[in-house]
Amino acid sequence: MRSYFALMRGSYMIGLVYRFGFLFSIAGNIIYMSVTYFLWHSIYQGKATIHGLTFDQTYTYVALGSAVFILLKTYVDWQMSFDIREGMIAAYLIKPIDLQLYELFTSFGSFLMSLSAITIPTVLLLIIVFRIQIPLGLGLILFPFSLILAYLLGFCFDYFTGLLGFYTESIWGLSITKDIIVMVLSGALIPLQFFPTVIQKILLWLPFQAIYYTPLTMAAQPMLSWETFLSMLAVQIFWVITLFTLTRLFYNQAVKVLRISGG
Amino acid sequence: MSLIHVEHLSKHFKVLNRREGLSGAFRDLFSGNYRTVKAVEDISFDIEAGEIVGYIGPNGAGKSTTIKMMTGILKPTDGTLQVNGLVPYNNRIHQAQIMGVVFGQRSQLWWDLPVIESFKILKEIYKVDQATFDKHMNLFNELVGLKSLYSQQVRTLSLGQRMLCDITASFLHNPQIVFLDEPTIGLDISIKAKIRSVIKELNQIHNTTIILTTHDLGDVEALCRRIIIIDKGKILYDGDIKKVNALFGAYRTLKLQIDNFSESTLTDLRTDLAKHFDVDHGIVVAQTEEFWTDVTIDQAHTPLSDVLNFVMSGFPVSDVRIVEISMENVVQRVYDGALG
């Protein structure tokens, strides 16, 4: 495992090299979240709750949602597609490392990087400026665990899309489609409570909601019962194991059709 | 049992037949019109531990495909391939530990990080212990003198420096086999010489087997005892370099720019050279590009300097270049039966 931690450390360091990048990211985040604040503020004008959620709950959900969305963007699919087209994938495959774990740990390094340099500063700033009352409770303690599980799930979708690049070489369209599907069905755009009941029920059976809806609900409604939280975490763990296994099996198929161009 | 055993190995790719133009590109979206490209077709050879083998051929000959099969990245379509007694494709991670690879056209180092960080990451990936790592780094520093580059970002290195770092990286875990894919591409003469001497020493120190693919026949002459020539996926020649040396080692092309050039200059040059040197002198005069007259000389028969002096004294030469024979030329000569 030491080799994978070395890779993770490396990609964390690469993040540090481009320090101006995260200054702009923080600025962009703040602008986006301010716009969202005023948008939802006017939606809640004169109403205490909508669909049973208070303004603070909804805003915490939506604001955290966009912060988490940026955080969970692994870019693994884009990176893999680039590496396949340029033939760089060969450089990874000649090393005694597992491709899935290589991609996971490299992207996790940048995840930790953007968590510490972008997300945490942005969230702290928003709490201070807009005086958001983040409700305290058990959910807040479980939130980090849920977030990491969510990251692993998001990674599986991106890695799967990246592997499709072994077949199609370019994954531009596939990747955009995947982003939209995940964003809508996972509750990253709006809370799942805003969907019709039938669709809500279907969505709860799919892995998407475990990416955004689960961690965001924990943060926005931390006073739910601990049984609810435990079952939410169990569902996440179930999907992580399932999708990890499926993508591993898919890799074994995909690598057979691999063609490496150039050189 | 030899270190690398290749028997009747083939690799075929299915490639979509692409049509021309925008409308063609649209129609290709729904096309199932594939053709099979035989990148490697029925090749066999054995390589022993400690050998330096030149694996050469023109572009698209199948060199890289063979290397990718030997490193376990690509699955052969047909035939037997064993490296150190194992099938590379089925044991990729295990086999990677005993191999090192340098791709001349792309770096394996971490582009945005200082050089030393890449080495440290590779140290962990290949599970090299600290004492061995230090010993190796000292050795490389003696051979190459890279210490001053350690804190530089890889992307700021010159091509030659980067290549030296890449070669160092590929030997870091003391592999049994190192594949060097075009290690001197785009480099100037002095760096080329340095890279060649480093490769030679590393081969001798640890008895590392080296498989070198290159376009530069100078690399092959300087490093290899044995060469394998491949073209269109098939092996044309496999054996001692001495026999092939005559094909490219001794030939040089003298490119001349002659003032007031006309058709008769070419015939004059031909007859004058034939008169002055033996009839069986092996000198060929031709014009391959505008303004340049090519005089190809077999140095085994006639010293290049003699020809140069003779031409300079008799013709108004304004510019001279000396060119080594090209890979395409060598392959053409092999086809023409030059190896008997």
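So, how was this worked out
- Throughout this document, residue positions are counted from 1 along each chain, in the order its sequence is written.
- Chain letters and ligand numbers both follow the written order, the letters beginning at A and the numbers at 1.
- Local features in this predicted model are restricted to residues of pLDDT 70 or higher, and side-chain atom pairs are both shown and tallied only at a pLDDT of 80 or more, whereas totals for entire chains, interfaces and linings draw on every residue.
- By definition, any uninterrupted DSSP run of H or I lasting at least four residues is a helix, any uninterrupted run of E lasting at least two residues is a strand, and each is numbered from the N terminus.
- C-alpha atoms define the radius of gyration, and 2.2 Å times the number of residues to the power 0.38 defines the globule rule.
- Think of it as a crowd count around each C-beta: if 20 or more other C-beta atoms lie within 10 Å the residue is buried, if 12 or fewer it is exposed, and in between it is partly exposed, with C-beta placed from the backbone throughout.
- Note that contacts rest on C-beta atoms placed from the backbone: two residues are in contact if these are within 7 Å.
- Each residue gets a pLDDT score, which is the predictor's confidence in that residue and runs from 0 to 100.
- Note on pairing: two strands pair once DSSP finds at least 2 bridges between them.
- Lines fitted to C-alpha atoms define the axes, with helix axes restricted to the stretch in contact, and inter-axis angles between N-to-C directions lie between 0 and 180 degrees.
- Here, a nonpolar core denotes buried Ala, Val, Leu, Ile, Met, Phe, Trp, Tyr and Cys residues that are linked to one another through C-beta atoms within 7 Å.
- Along the arc lie the directions from the helix axis toward the C-beta atoms.

Visitor: I'd like a rundown of the overall build of chain A, residues and numbers included.
Guide: Scanning chain A from N- to C-terminus turns up eleven helices and two strands. When the elements of chain A are put in sequence order from the N terminus, they spell out α-α-β-β-α-α-α-α-α-α-α-α-α. Against the globule reference of 18 Å for 263 residues, chain A gives a C-alpha radius of gyration of 19 Å, in line with a compact fold. Overall, chain A is about 65 × 45 × 35 Å in size when its C-alpha atoms are taken along their principal axes. Each of the 263 residues in chain A was classed as buried or not, and the buried ones make up 37%. Look at the contacts in chain A between residues 6 or more apart in sequence, and 83% of them connect residues 24 or more apart.

Visitor: Run through the confidence of the model for chain B, naming residues and quoting values.
Guide: Averaged over every residue, the pLDDT of chain B is 85; the share at 70 or more is 96%. Here the predicted complex carries an ipTM of 0.79, next to a pTM of 0.80.

Visitor: Before we move on, can you summarise the sheet that holds strand 12 (residues 292–298) of chain B with the specific residues and values?
Guide: Two pairing modes exist for strands in a sheet, parallel and antiparallel, and in both the strands are linked by backbone hydrogen bonds. All names here are of chain B. The sheet built from four strands is open, its strands ordered 11-12-10-13 with antiparallel pairing. The sheet is open, and its two borders are formed by strand 11 (284–289) and strand 13 (317–324), each paired with just one other strand. Geometrically, the sheet is characterised by an average inter-axis angle of 30° between neighbouring strands, direction not taken into account. Pairing geometry for strand 10 (residues 251–258) and strand 13, over seven bridges, is antiparallel. Within strand 13, the residue paired with T253 across the bridge is V323. Along the sheet, helix 10 (residues 263–276) contacts strand 10, strand 11 and strand 12; its crossing angle with strand 11, the most-contacted strand, is approximately 155°. Together, strand 10, strand 12 and strand 13 form the strand contacts of helix 11 (residues 304–314), whose direction differs from that of strand 10 by roughly 15°.

Visitor: Describe the nonpolar core, and please don't skip the residues or the numbers.
Guide: In this structure, A150(A), L153(A), V53(B) and L212(B) are the most contacted members of the largest nonpolar core, which totals 122 residues. The contact partners of L212(B), leaving out residues within four places of it in the chain, are I52(B), V53(B), G54(B), Y55(B), L180(B), D219(B), L223(B) and C224(B).

Visitor: How would you sum up the sheet that holds strand 4 (residues 78–83) of chain B? Please name residues and give values.
Guide: Residues and elements named next belong to chain B. Pairing in this open sheet of three strands is antiparallel, and the strands run 2-1-4 from one edge to the other. The strands lining the two open edges of the sheet, one partner per strand, are strand 2 (34–47) and strand 4. Across the sheet, the axes of successive neighbouring strands diverge by a mean angle of 30°, strand direction being ignored. Strand direction decides the pairing type here: strand 1 (residues 4–16) and strand 2, joined by ten bridges, are antiparallel. Each bridged residue has a counterpart across the sheet, and for V15 the counterpart in strand 2 is R35. Lying on the sheet, helix 2 (residues 63–70) is in contact with strand 1, strand 2 and strand 4; it crosses strand 1 at an angle near 115°.

Visitor: Please give an account of helix 12 (residues 327–335) of chain B that cites residues and values.
Guide: Taken as a whole, helix 12 of chain B has its buried residues at M327(B), V330(B) and V331(B). Down the axis of helix 12 of chain B, the smallest arc covering the buried residues is 95°, so these residues share one side.

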